[in-house]
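Inside the fold
Read off the chains here:
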Amino acid sequence: MRPAATSEKWHDLIRAQRDRLQTATEGLSWIEAPDQHEEARIIALIMRQALDEPDTTLQLVTPDRQLARQVKAELSRWAIEVDDSAGEPLIHTPAGAFIALLIEAAAAGFAPRPLMSLLDHPFMLCGLARNELAAAARLLEISVLRGRLEQPDLERLVADARMLREDVPPHSHAFVKNMSDGDWQRVANLTVRLHELLGDLAALFATPGNGALGELVSTHIKTAEALTADLENGLSALWTGDAGEALSTTLGAISEHAGNCPALSAREYADFITKQL
């Protein structure tokens, strides 16, 4: 940039370089949009028209992630899939969402609603086949969790499932009254599994005071892996694919540098880790 006193010389430069500037801007278009939503629609329409030509590839280059996501959404209306090289927030991927749901449920004391959100996630297995877990989770929700006002801890959940099996309250839903011994056994088995698999993470949130970040993230990861381990090979789906690799890298970096971070309460850790996703 020139000093203000010589800024008029820009006009001389433009006149002297007119041909070169015209060549440099050839093929460029200037479109003004009233808002970002309309801007995304215009860009998507231009890209769609360009793709009508055979063997055409094109790129959208923008530092605006919100605009990129809006353009991607607009293109999806025409069944055009976009390879977004900048990726998307980890929390919007199945693996990242599971990590966030797990720590949010722990922060809420595994209250019924966040616990059911965790059980509904497709990565959640608890050592069972996914269809078996889904069926057991539905039974648990209807028989034990639905309409519950108090917030039970995991140990209380096990005891309540056993108590309700032995003495179903008269005001219970007809479905609950008609549950078979096998149904109640599935509920009991699930509560025991949840108590075993979530116990270490729940204990961190039940302990007052601050803890080392390394211990918090390690317990978080170990619990997540145990909950998502495949029944046949014991491997977790959390680390598969590009999103899984990115999640592993992010959590690995946090673990690596945890010693340089101050101690956190479990609830502070929940806020911290969610923001990293």
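Computed from a prediction, not measured in an experiment: that's the story for all the values here.

Observations concerning the packing of helix α8 (residues 154–166) against helix α10 (residues 181–206)
As a packed pair, α8 and α10 sit with axes 8 Å apart at the nearest point and diverge in direction by 170 degrees. Between α8 and α10, the angle is such that the two are roughly antiparallel. Counting all contacts with α8, which are made through L154, E155, L157, V158, A161, L164 and R165, the residues of α10 involved are D181, W184, Q185, V187, T191, V192, L194, H195, L198, G199 and A202. Residues belonging to the contact of α8 with α10 are distributed by class as follows: 11 nonpolar, 4 polar and 3 charged.

Description of the environment of G199
Looking at the element boundaries, G199 is found in helix α10. What makes G199 partly exposed here is its relative accessible area of 23%. Between the alpha carbons of G199 and S76 there is a distance of 42 Å; along the sequence they are 123 residues apart. Setting aside anything within four residues of it in sequence, one finds G199 in contact with L154 and L194.

Thoughts on unusual backbone geometry
Phi at D55 is positive, roughly 60 degrees, even though this residue is not glycine. Secondary-structure assignment places D55 in the loop between α3 (36–51) and α4 (65–76). Backbone geometry places C126, a non-glycine residue, at a positive phi of 55 degrees. Along the chain, C126 turns up in the loop between α6 (112–120) and α7 (130–145).

Side note on the environment of D183
As for its position among the elements, D183 is in helix α10. D183 gets classed as buried once you look at its relative accessible area, which sits at 15%. Sequence-wise, D183 and S143 are 40 residues apart; in three dimensions their C-alpha atoms are separated by 9.9 Å. A distance of 2.4 Å separates the side chain of D183 from the side chain of R186, its partner in a polar contact.

A few points about the nonpolar core
One broad trend across soluble globular proteins is that nonpolar side chains are buried collectively. Judged by nonpolar contacts, the single largest core of 57 residues is most densely connected at L119, M124 and L194. Residue assignment for this core shows that the elements contributing at least two residues are α5 (94–107), α6, α7, α8, α10, α11 (213–228), α12 (241–256) and α13 (266–276). It is α5 that provides the largest number of residues to this core, a total of 9 residues. Those residues within four positions of L119 in sequence are excluded, and the remaining contacts are M124, R130, L133, A137, L140 and L194. Counting 8 residues, the second largest nonpolar core, distinct from the first, contains A40, L67, L75 and I80.

Rules behind the numbers
- Residues numbered from 1 in each chain as written.
- Predicted model: local features only at pLDDT ≥ 70, side-chain atom pairs only at ≥ 80, totals over all residues.
- Heavy atoms only, no water.
- Axes fitted to C-alpha atoms, helices over the stretch in contact; angles between N-to-C directions.
- Helix = DSSP H or I, 4+ residues; strand = E, 2+ residues; numbered from the N terminus.
- Parallel < 35°, antiparallel > 145°, perpendicular 65-115°, else oblique.
- Contact = heavy atoms within 4.5 Å.
- Nonpolar A, V, L, I, M, F, W, Y, C, P; charged D, E, K, R; others polar.
- Buried < 20%, exposed > 50% of the residue type's maximum accessible area, 1.4 Å probe, protein only.
- Polar contact = N/O pair within 3.5 Å; in protein donor to acceptor, adjacent residues only side chain to side chain.
- Core = buried A, V, L, I, M, F, W, Y, C linked by side-chain atoms within 4.5 Å.

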